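Single-letter residue listing:
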Amino acid sequence: MQVFNTAARLADFIKQLKTENTAVKIGFVPTMGALHEGHMKLIKQAKANADVVLASIFVNPTQFNDPKDLERYPRTPQADLDLLKQHGCDGVFMPAVADIYPNGTAENYVLDFQGLDRVMEGAFRPGHFNGVAQVVERFFRIVNPDLAFFGRKDFQQVAIIKHLVRVKHLPVEIVVVDTARSVDGLALSSRNTLLSADQKKDALIIFKTLSKAVELARTEKDAKKVKEQLISFFNTGSLRLEYLEIADDSTLQPVDTLKAGCTCCIAAFCGTVRLIDNMPLNG
Ligand code: PAF
């Protein structure tokens, strides 16, 4: 597995790959490191669909609205490299901030997300999706992948990235991979390393509430009633709910009536750690 610390070195590698085989299919898995089985699920999917698999490890400063969150974001580069190598990743891009943001991180990046960024994560983390779109666009322009793989756990991020690809006409197919969970249901996340064993148990209220949402959606179609029941169930646990929303899969706007094509999304604090998760409701 090759490690590339600059965009220029990675670009040379990709140029060579494409010269040797013009039809080579590149699969790309962008990450912020602190890798876990969820990321490896993306790598496995990429290996099944592409000839060459590249990952990136870059804790992107422009997507953190809270500087403390950026500072304490887990960083485990050596363990990440070991894991990627074990899973057969072909190359890893680990750039410095200055390589991705040569004009500084305050540079203005503007994209009209047509409202996708105004709800849920976007409402609680101002500027977050702007930073995500900014870095993902830069990575796509550097790596020029045929396929890029993202986890469904970041439901709203997936919608934002699909929008980016559409409006900028980027020649990449977005592949969405199901959320990886612990045996008891906790969605795998790099942030879970910040939780104690007891907090991991407490955090299961998220999975239980989402599972209850799926169950309720089988018989009750009034979203307001379902939300009320879910919020009171969630509040029997010890986490602090930031939002619980039932969103339309395309517009991300809250729905009034449950139907196929909507998803229940939760963001909550377990101590000081912010967790998100979601589950599709089949109506
Ligand atoms: O999902 C993530 O880890 C990040 O938001 C991403 C897509 C790598 C962009 O920094």
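This structure is a prediction, so every number in the text was calculated from the model and none was measured.

Caption draft 1: Empty space enclosed by the protein, seen in detail. Applying the stated criterion to the full structure yields 1 cavity of 30 Å³ or more. Within this model, the largest cavity holds a volume of roughly 50 Å³. If you trace the largest cavity, you find it lined by K153, L186, A187, S189, N192, I206, L275, I276 and D277. Among the elements that make up the lining of the largest cavity, the one with the highest residue count is strand β9 (residues 273–281) (3 residues). By residue class, the composition of the lining of the largest cavity is 5 nonpolar, 2 polar and 2 charged.

Caption draft 2: Examining the pattern of salt bridges more closely. Scanning the entire structure with this criterion turns up 13 salt bridges. Taking the shortest distance from any N to any O, the salt bridge between R125 and D69 comes out at 3.8 Å. Here the residue R125 occupies a position in the loop between α6 (120–124) and α7 (128–143), and D69 occupies one in helix α3 (residues 67–72), the gap between them amounting to 56 residues. Comparing R125 with D69, the two get one shared label, buried.

Caption draft 3: Focus on the site of the ligand. Neighbouring residues of the ligand: P30, T31, M32, N60, Q63, V135, F150, D154 and Q157. At 2.6 Å from an oxygen atom of the ligand is found a side-chain nitrogen or oxygen belonging to Q63. One nitrogen or oxygen atom from the side chain of Q157 is found 2.7 Å from an oxygen atom belonging to the ligand. When the ligand sits alone it has 290 Å² of accessible area, and the protein chains cover 90% of it. For the shell around the ligand, the class distribution of residues is 4 nonpolar, 4 polar and 1 charged.

Quick notes on the rules
- Residues numbered from 1 in each chain as written.
- Predicted model: local features only at pLDDT ≥ 70, side-chain atom pairs only at ≥ 80, totals over all residues.
- Heavy atoms only, no water.
- 1 Å grid on protein atoms, 1.4 Å probe; cavity = no way out; pocket = protein on both sides within 12 Å on 5 of 7 lines; lining within 4 Å.
- Points joined across faces, edges and corners; volume = space filled by probe spheres on them.
- Helix = DSSP H or I, 4+ residues; strand = E, 2+ residues; numbered from the N terminus.
- Nonpolar A, V, L, I, M, F, W, Y, C, P; charged D, E, K, R; others polar.
- Salt bridge = Lys/Arg side-chain N within 4 Å of Asp/Glu carboxyl O.
- Buried < 20%, exposed > 50% of the residue type's maximum accessible area, 1.4 Å probe, protein only.
- Near = heavy atom within 4 Å.
- Polar contact = N/O pair within 3.5 Å; in protein donor to acceptor, adjacent residues only side chain to side chain.
- Areas by Shrake-Rupley, 256 points an atom, 1.4 Å probe, with all protein chains shown as cover.

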